[in-house]
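Take a look at the letters that make up each chain.
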Amino acid sequence: MSITDLDTARPVKANGPAPVLLTVEEAATCLRVGRTTCFALIRSGELESLLIGGLRRVPADAPAAYLARRRAERQAA
């Protein structure tokens, strides 16, 4: 079971270090969106991800970076 560190918007494991890569589901949980929405953000290039073998992974800092960009865009508008 993991909880979310709201300062970094990434899951923190109760026993052990924070992961470097997140599954799409974990990234969706961090962003409080659904899995389909998270895949749409990845497909559009708004959320960074990479393919390892056949597995799609999201860098742990990517959800926070996405949020920071969205906030900056909103403030600039």
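Above: the structure in question.
Computed from a prediction, not measured in an experiment: that's the story for all the values here. (Residues numbered from 1 in each chain as written. Predicted model: local features only at pLDDT ≥ 70, side-chain atom pairs only at ≥ 80, totals over all residues. Heavy atoms only, no water.)

1. Description of the nonpolar core
No. 1: Leu22, Cys38, Ile42, Leu47 and Val58 are the most contacted members of the largest nonpolar core, which has 14 residues in total.
No. 2: Every element with two or more residues in this core is listed here: α1 (24-31), α2 (35-44) and α3 (62-76).
No. 3: In terms of residues, this core owes the most to one element, α1, which gives 5 residues.
No. 4: In this view, Leu47 contacts Leu31, Cys38, Leu41, Ile42, Val58, Ala62, Pro63, Tyr66 and Arg69; residues no more than four positions away in its chain are not counted. (Core = buried A, V, L, I, M, F, W, Y, C linked by side-chain atoms within 4.5 Å. Buried < 20%, exposed > 50% of the residue type's maximum accessible area, 1.4 Å probe, protein only. Helix = DSSP H or I, 4+ residues; strand = E, 2+ residues; numbered from the N terminus. Contact = heavy atoms within 4.5 Å.)

2. Structural notes on α2
No. 1: Burial in α2 covers these residues: Cys38, Leu41 and Ile42. Taken around the axis of α2, the buried residues stretch over an arc of 100°, which confines them to a single face. Turned more than 90 degrees away from the buried face of α2, the exposed residues are Thr36 and Arg43.
No. 2: Considering only its buried residues, α2 is in contact with α1, β5 (55-59) and α3.
No. 3: Looking one or two residues past α2, Gly45 carries a phi angle of roughly 90°, positive in sign. (Arc of directions from axis to C-beta.)

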